[in-house]
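# Structural overview
The chain contents come next:
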Amino acid sequence: MAVAQVPRNFKLLAELEKGEKGMGAGACSYGLEDPEDIFMTHWRGTIWGPPHGHHENRIYELKMECGPNYPREPPVIHFVSQINLPGVSPTDGKVDPNAVAILRDWSRIAAELAKNPRPKEDPLSLEAALIAIRKYMDEHKKLPQPPEGSKYAVYK
């Protein structure tokens, strides 16, 4: 028997509330790019660079787009801040979903969640995606990085 799915806007409202109240992970933050975005499509996020590497003491800015099929499909994520990271486009900062496990497996996990009761913590969220990207950054912390404060040309 399939479990009823939470409508997209209800889920995004819950994520917005969590992000605005700072109830999530301390190393990441997120919110709507435009508070008037009634469809809650365009989001901004920040990731504090993981310690003990070239990301330490840096704050990375990201753009996230939750399409009409979110949360069944993952958000499209771009770094605004330039970063040297496998799976991130050097021209526009787009994160390749195949590079980060949660984005790669998102649709499969969403399908499993549709069939089974939801766990206490939702494994598919903007926050979960940012945390997974930060972990991925930590796995590549020794790579040299562009100068701090650099942005991709499309965001200048």
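Just above, that's the structure.
Not measured: the values here are computed from a predicted model. (Residues numbered from 1 in each chain as written. Predicted model: local features only at pLDDT ≥ 70, side-chain atom pairs only at ≥ 80, totals over all residues. Heavy atoms only, no water.)

## Thoughts on the sheet that holds strand E1 (residues 28–32)
A sheet is described by the order of its strands in space; here four strands give the open sequence E1-E2-E3-E4, paired in antiparallel fashion. Looking at the sheet topology across the chains shown, the edges are occupied by E1 and strand E4 (76–79). Ignoring which end each strand starts from, the neighbouring axes of this sheet average 25° apart. Here strand E2 (residues 42–48) pairs with strand E3 (residues 59–65) via seven bridges, running antiparallel. Bridge pairing in E3 places Arg 44 opposite Lys 63. Along the sheet face, helix H3 (residues 126–139) touches E1, E2, E3 and E4 and points at about 35° away from the line of E2. (Pairing = 2+ DSSP bridges. Helix = DSSP H or I, 4+ residues; strand = E, 2+ residues; numbered from the N terminus. Axes fitted to C-alpha atoms, helices over the stretch in contact; angles between N-to-C directions. Contact = heavy atoms within 4.5 Å.)

## Overview of the environment of Leu 126
Within the secondary structure, Leu 126 sits in helix H3. A relative accessible area of 0% means that Leu 126 is categorised as buried. Remark: the alpha-carbon pair of Leu 126 and Ile 38, spanning 88 residues in sequence, is separated by 17 Å. Leu 126 has contacts with Glu 15, Tyr 30, Trp 43, Met 64, Cys 66, Tyr 70 and Pro 75, leaving out every residue within four places of it along the chain. (Buried < 20%, exposed > 50% of the residue type's maximum accessible area, 1.4 Å probe, protein only.)

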